[in-house]
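Descriptive structure summary
Below are the chains, spelled out letter by letter.
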Amino acid sequence: MEAIQTVIRVQNIRYDKAEEALYIIDQTKLPGEEREIRLRTVEEMEEAIRALRVRGAPAIGICAAYCLYVLARSIDAPESGAFLEQFRALAQRIGNARPTAVNLSWAVRAMVETAEAHRDEPRAALLEALYEKAVDIHRDDIEKCTKISEYGLTLVKDGDGILTHCNAGPLATSRYGTALGPILLGTERGMTFHVFSDETRPLLQGARLTSYELQRAGVDVTLICDNMASIVMKNGWVQACFVGCDRVAANGDTANKIGTSGVAILAKHYGIPFYVLGPTSTIDMACPDGDHIPIEQRDPQEIKTMWYETPMALPEVKCYNPAFDVTDHSLITAIVTEQGICRPPYTESLAALFEKKP
């Protein structure tokens with residue numbers, strides 16, 4: 001089997017098979033420090049996902065698959081029934097680490113199904129099947145990101161200004177990424193884009209990660225505060241908005257990092273196309289609309305103290321800190337997947353994707 005390291009650019013997730021060790025880049029340390037950390041225990045894995053050491057819906061799914069392989073190796077249960085019981089319990093813990101990212105539950109379910117399918121085989125064969133499934137999930141995302149990038153590139157032209165929110169580049173996915181994929185692919189082919197990267201409060205993924213990735217790739221990137229999106233649109237500097245997604249409902253409503261819906265509303269006002277880019281694994285056809293997407297609530301200290309030497313609000317001040325918001329399907333120009341570009345009505349175009357999948 002070809003080493004996965006040979007086909008990915010940013011090794012945000014790296015499994016060393018010779019060492020049997022899982023490493024991730026700790027994204028909370030970027031851009032100041034590029035540091036790998038090793039994940040060994042379920043507690044370390046849960047913390048890495050919750051604390052956003054690994055983040056981005058596709059990357060979380062990839063990481064979860066490798067995590068479950070690592071955990072499966074640690075299960076001491078000679079009988080298949082006992083092994084599966086422990087494996088399912090560990091899988092549930094990993095799957096509950098972040099509820100909004102559907103890729104996480106999708107990858108966990110795929111690993112559990114693999115374990116169940118090989119339950120009667122010798123332990124070594126079962127573990128090898130789990131490893132191969134994790135690599136397949138990783139490789140599949142690389143292929144999907146490449147196709148998404150190709151489709152997305154058809155929506156912009158050389159010289160365009162593009163605004164993006166949060167981070168959906170290689171760090172959040174694999175290879176090119178999703179929302180940043182067309183930009184990176186186009187840059188490789190000699191195209192020039194002018195990217196406006198929202199800082200993305202309160203965790204600053206746009207400032208810390210998107211501007212970092214684009215700057216290193218040689219892309220013309222300008223960092224702006226979230227509340228500056230309107231003025232750059234009004235100035236005529238933005239011809240398209242590209243964002244990723246953590247979950248897409250059957251009607252086309254999408255959950256993405258908090259602040260995304262505001263960007264979509266502004267884009268609608270200024271007549272700028274608003275594109276959501278993500279793999280079909282992010283589409284949840286069992287979720288009818290955005291009202292049914294669970295929204296993660298995070299620690300208020302991310303707003304009050306996380307980035308400051310001294311607190312920026314009184315300790316007793318209440319905070320509302322949702323990780324995501326839902327962008328209504330009526331604000332979305334198109335949803336770009338590896339299967340093609342979906343346009344309204346999304347109840348039809350998204351359903352058609354799954355009808356034609358092999």
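Residues numbered from 1 in each chain as written. Predicted model: local features only at pLDDT ≥ 70, side-chain atom pairs only at ≥ 80, totals over all residues. Heavy atoms only, no water.

Considering the pairing of strand S2 (residues 21–25)
Quick note on the threshold: Partly exposed describes any residue whose relative accessible area lies between the buried limit of under 20% and the exposed limit of over 50%, with all areas from a 1.4 Å probe on protein chains only and scaled to the type maximum. Elements are defined by DSSP. Helices are runs of H or I of four residues or more, strands are runs of E of two residues or more, and each kind is numbered from the N terminus. The pairing criterion for strands is at least two bridges between them, as found by DSSP.
For S2, a buried count of 5 out of 5 residues is recorded, marking the element as mostly surrounded by other parts of the structure. The side-chain alternation of S2 yields two buried faces, one formed by Ala 21, Tyr 23 and Ile 25 and the other by Leu 22 and Ile 24. Strand direction decides the pairing type here: strand S1 (residues 13–16) and S2, joined by 4 bridges, are antiparallel. Its bridge partner being in S2, Tyr 15 is matched across the sheet by Leu 22.

A look at the sheet that holds S2
Heads up, the condition is: Axis lines are fitted to C-alpha atoms, over the contacting stretch for helices. Their N-to-C directions set the angle, which ranges from 0 to 180 degrees.
Pairing in this open sheet of 3 strands is antiparallel, and the strands run S1-S2-S3 from one edge to the other. Unpaired on one side and paired on the other, S1 and strand S3 (36–39) mark the two borders of the sheet. Each strand axis lies, on average, 30 degrees off the axis of its neighbour in the sheet, ignoring direction.

Remarks on the pattern of salt bridges
Selection rule: By convention in these notes, a salt bridge is any Lys or Arg side-chain nitrogen within 4 Å of a carboxyl oxygen on Asp or Glu.
Tallying each qualifying case throughout the model produces 20 salt bridges. Where salt bridges share partners, they join Asp 26, Arg 35, Glu 47 and Arg 53 into one cluster.

Some details on the sheet that holds strand S14 (residues 340–342)
Let me state the cut-off plainly: Only heavy atoms matter for contacts: two residues are in contact if any of them lie within 4.5 Å across the pair.
With respect to topology, 7 strands assemble into an open sheet ordered S6-S5-S4-S7-S10-S13-S14, the strand pairing being mixed. In this open sheet, the two edge strands, each paired with only one partner strand, are strand S6 (220–224) and S14. In this sheet, adjacent strand axes meet at a mean angle of 25 degrees when their direction is disregarded. Note that strand S5 (residues 194–198) and S6 share 5 bridges and pair parallel. Within S6, the position partnered with Val 195 by the bridge is Val 221. Packed onto the sheet, helix H5 (residues 123–153) meets strand S7 (240–243), strand S10 (274–277), strand S13 (334–337) and S14 and runs at close to 140 degrees relative to S13.

Some details on the side chain of Asp 160
Quick note on the threshold: Throughout this description, a polar contact denotes any pair of N or O atoms lying within 3.5 Å of each other; where both atoms belong to protein, one of them has to be capable of donating a hydrogen while the other can accept it, and for residues adjacent in sequence the pair is counted only when both atoms sit in side chains.
Summarising the element assignment, Asp 160 is placed in the loop between H5 and strand S4 (161–164). Within the local environment of Asp 160, its side chain forms a polar contact with the backbone nitrogen of Lys 157, the two atoms lying 2.9 Å apart. In this structure, Asp 160 is in contact with Thr 192, Phe 193, His 194 and Gln 239, ignoring residues within four places of it in sequence.

Some remarks on helix H9 (residues 260–270)
Just so we agree on the cut-off: The reported arc concerns the directions from the helix axis to the C-beta atoms and nothing else.
For H9, the complete set of buried residues consists of Thr 260, Ser 261, Val 263, Ala 264 and Ala 267. One side of H9 holds all its buried residues, which, seen down the axis, span an arc of 155 degrees. Turned more than 90 degrees away from the buried face of H9, the exposed residues are Ile 265 and His 269. Positive backbone phi, at 70 degrees, marks Gly 271, one or two positions downstream of H9.

Regarding a nonpolar patch on the surface
Heads up, the condition is: Residues qualify for a patch when their relative accessible area is over 30% and they have no salt bridge, like charges being joined within 9 Å and the nonpolar side chains of Val, Leu, Ile, Met, Phe, Trp and Tyr within 5 Å. Accessible areas in this description were obtained via Shrake-Rupley with a 1.4 Å probe; residue shielding takes into account the shown protein chains only.
A cluster of nonpolar side chains, contributed by Met 306, Trp 307, Tyr 308 and Met 312, occupies part of the molecular surface with about 380 Å² of accessible area. Summarising the element assignment, Met 306 is placed in the loop between helix H10 (301–304) and strand S12 (324–327). By relative accessible area, which is 42% here, Met 306 ends up partly exposed.

Looking at unusual backbone geometry
For the bond from Leu 30 to Pro 31, the omega torsion is 5 degrees, close enough to zero to count as cis. Inspection of the secondary structure assignment puts Pro 31 in the loop between S2 and S3. With an omega of -5 degrees, the peptide bond between Pro 344 and Pro 345 qualifies as cis. Structurally, the position occupied by Pro 345 is in the loop between S14 and helix H11 (346–356).

Quick word on the packing of aromatic side chains
How we decide: In summary, the pairing rule links any two rings of Phe, Tyr or Trp, Trp by its six-membered ring, whose centres are within 6.5 Å, and it sorts them by plane angle into stacked for under 30 degrees, edge-to-face for over 60 and tilted for everything else. Note on criteria: charge over ring means Lys NZ or Arg CZ within 6 Å of the ring centre, with the direction from the centre no more than 35 degrees off the ring normal.
Scanning the entire structure with this criterion turns up 7 aromatic pairs. A centroid spacing of 5.8 Å and a plane angle of 50 degrees characterise the contact between Tyr 15 and Tyr 131, whose relative ring orientation is tilted. With Tyr 15 in strand S1 and Tyr 131 in helix H5, the pair connects residues that are 116 residues apart, well separated along the chain. Centre to centre, the rings of Tyr 69 and Tyr 131 are 5.3 Å apart; their planes meet at 50 degrees, and the pair counts as tilted. Placement of Tyr 69 in helix H2 (residues 57–74) and of Tyr 131 in helix H5 is noted, with a sequence separation of 62 residues between them. Assigned by exposure class, Tyr 69 and Tyr 131 land together as buried. Taken together through their ring pairs, the aromatic side chains of Tyr 15, Tyr 66, Tyr 69 and Tyr 131 make up a single cluster. Across the ring face of Tyr 131, the terminal group of Lys 17 is positioned such that the distance to the ring centre comes to 4.8 Å.

Describing the environment of Pro 345
Taking relative accessible area as the criterion, Pro 345 reaches 43% and is therefore assigned partly exposed. For Pro 345 and Gly 252, which are 93 residues apart along the polypeptide, the C-alpha to C-alpha distance reads 8.2 Å.

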